[in-house]
Amino acid sequence: MSDAPISVYDYEARAKLTLPHDYWEFIEAGAMDESTTRRNRSAFEAIKLRPRFLRDVVNRKLSTTVLGTEISFPVMVSPAGGHKIAHPDGELATARGAGMSNTLMMLSTSSHYPMEEVVEAGTGPKWFQLYHRGYELTEMLVHRAEEAGFLAIVLTVDTPVPSPKERDVHNHYQNPFPQANFLAASEQMTAMSGADEAPNWRPAPVPSLTWKELEWLKGLTSLPLVLKGIRTAEDAHVAVESGVNGILVSTHGGRQIDQTMGAIEMLPEIVEASKGQAEVYLDSGVRRGSDVLKALALGARAVSVGRPLCWGLAVNGAEGVHGMLEVLRRELDHDLASCGQTSVEDLESNLVSVPVGWGPGQMYP
């Protein structure tokens, strides 16, 4: 009998046994009391499926497109930084694993392997996640990403100030590997010290990022622009009016600000505000195929996973990332059929039931 992991939680348990304590704590940590990190899960669990039966579900379609690029199922790899802490092959292994599952990988600015090497490492499509750290560094990164063959720029907007995790501060954690997309110049290292993947108790100030910088950024490249971290209908409306191509609804895994709603709670109002003018995706808290189905039913085009990719890496490198993704594929396919649905792109309305009061300004349980 095979002892291969059969759920994402199996990968989590095995990764915890594999990784050094400080590395594990860095991956798992959330901001402050980690309430948002926990709520990402409890909010998913508060949504219930409404299955329909006595239907022909023999033939099912899991493939979809994101910004016109086909992926084999609507689960992508989030731009978590610094994959070498989970496996020596780092982002190279992640790229291979995502490619094996024929899905998309988002590469972090703070990767441990250069973006050019990661593009070549796996067969799947790739987007480049961008931390704005001043005009000069940002322009350098965007031009390199476009030349390397990335298909979109994913701008993280939810880090206006640094947010060291308390677990990391207690552990005196420092990222043990250099950020490969930068030269060893001290000013570049200092500029990146406010990023999530380079925690310090007193990191460097973060350069201003406003809608004005967004206009400047769009002028740098012909690549589509996705905003990662939008959490309200108000900001989604401005984003769409500003001409962005996609919005990744995300709490950054609860790693930047605590005491917010879970990502899935924010999704419906952002989908409504986007009015079909920008694709909407979601990360933060996705652990089961049913989570994927719930997000799609509430209007997401696709979801992505962050911590689970690190768990897969720690367990078995590229094969572990691939295996983790295939667990989610199998579960999604099962739940799609069990709910009487045949295509992830054509889910019927009223597939899920959400708690009373979900919406901006409402009272939450």
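Computed from a predicted model, the values in this text were never measured in an experiment.

Topic: the packing of helix α3 (residues 35-46) against helix α11 (residues 263-274)
Two elements in contact, α3 and α11, have axes separated by 7 Å at closest approach and are oriented at 65°. The pairing of α3 with α11 is recorded here as roughly perpendicular in orientation. Where α3 approaches α11, its residues R39, N40, A43 and F44 are matched on the opposing element by A263, I264 and E265. Here the contact of α3 with α11 is built from residues that sort into four nonpolar, one polar and two charged.

Structural notes on the pairing of strand β9 (residues 246-249)
Because side chains alternate across β9, one face comprises the buried residues G246 and L248, and the other comprises I247 and V249, equally buried. For strand β8 (residues 225-228) and β9, the ladder comprises three bridges, and the chain directions are parallel. Within β9, the residue paired with K228 across the bridge is L248. Crossover connection from β8 via helix α10 (residues 233-241) to parallel β9: handedness right-handed. In this fold, β9 hands off to α11, which returns the chain to strand β10 (residues 279-282); that crossover is right-handed.

Regarding the side chain of E34
With respect to the helices and strands, the residue E34 is situated in the loop between α2 (21-28) and α3. For E34, the side chain forms a polar contact with the side chain of R167, separated by 2.9 Å. Excluding residues within four positions of it along the chain, E34 makes contact with A29, R167 and D258.

A word on the layout of surface pockets
The volume enclosed by the largest pocket comes to roughly 520 Å³. Lining the largest pocket are 27 residues, and of these V157, D158, T159, P160 and G229 lie nearest its centre. Mapped onto the lining of the largest pocket, the elements with two or more residues apiece are β7 (153-156) and α9 (211-218). The residue makeup of the lining of the largest pocket, split by class, is 14 nonpolar, nine polar and four charged.

So, how was this worked out
- Note that residues are indexed from 1 along each chain, following the sequence as it is written.
- For a predicted model such as this one, the threshold for reporting local features is a pLDDT of at least 70, and the threshold for listing and counting side-chain atom pairs is 80 or more; totals across whole chains, interfaces and linings nevertheless cover every residue.
- Hydrogens and water molecules were not included; the side-chain quantities draw on all heavy atoms of the structure.
- Convention adopted: a line fitted to C-alpha atoms gives each axis, helices being fitted over their contacting stretch, and angles between N-to-C directions are expressed from 0 to 180 degrees.
- Helix and strand definitions here come from DSSP, where helices need a minimum of 4 consecutive H or I residues and strands a minimum of 2 consecutive E residues; each element is numbered from the N-terminal end.
- Roughly parallel refers to an angle under 35 degrees, roughly antiparallel to one over 145, roughly perpendicular to one between 65 and 115, and oblique to any angle outside these ranges.
- Residues are treated as being in contact if the distance between any of their heavy atoms lies within 4.5 Å.
- Three categories are distinguished: nonpolar for Ala, Val, Leu, Ile, Met, Phe, Trp, Tyr, Cys and Pro, charged for Asp, Glu, Lys and Arg, and polar for the others, with Gly belonging to the last.
- Only protein chains enter the accessibility calculation, which uses a 1.4 Å probe; a residue is then buried when its area is under 20% of its type maximum, exposed when over 50%, and partly exposed in between.
- At least two DSSP bridges between two strands are needed for those strands to be called paired.
- Look down the strands so they point away from you; if going from the first strand over the helix to the second traces a clockwise path, that crossover is right-handed.
- Polar contacts, as used here, are pairs of N or O atoms within 3.5 Å; protein pairs need one atom able to donate a hydrogen and one able to accept it. Residues neighboring in sequence count only if both atoms are side-chain atoms.
- For cavity detection a 1 Å grid was placed over the protein atoms alone, and a set of points counts as a cavity when a 1.4 Å probe fits there but cannot get out; an open set counts as a pocket when protein lies on both sides within 12 Å along at least five of seven lines, with lining residues being those that have an atom within 4 Å of a point.
- Grid points are joined across faces, edges and corners, and a volume is the space filled by probe spheres set on the points.

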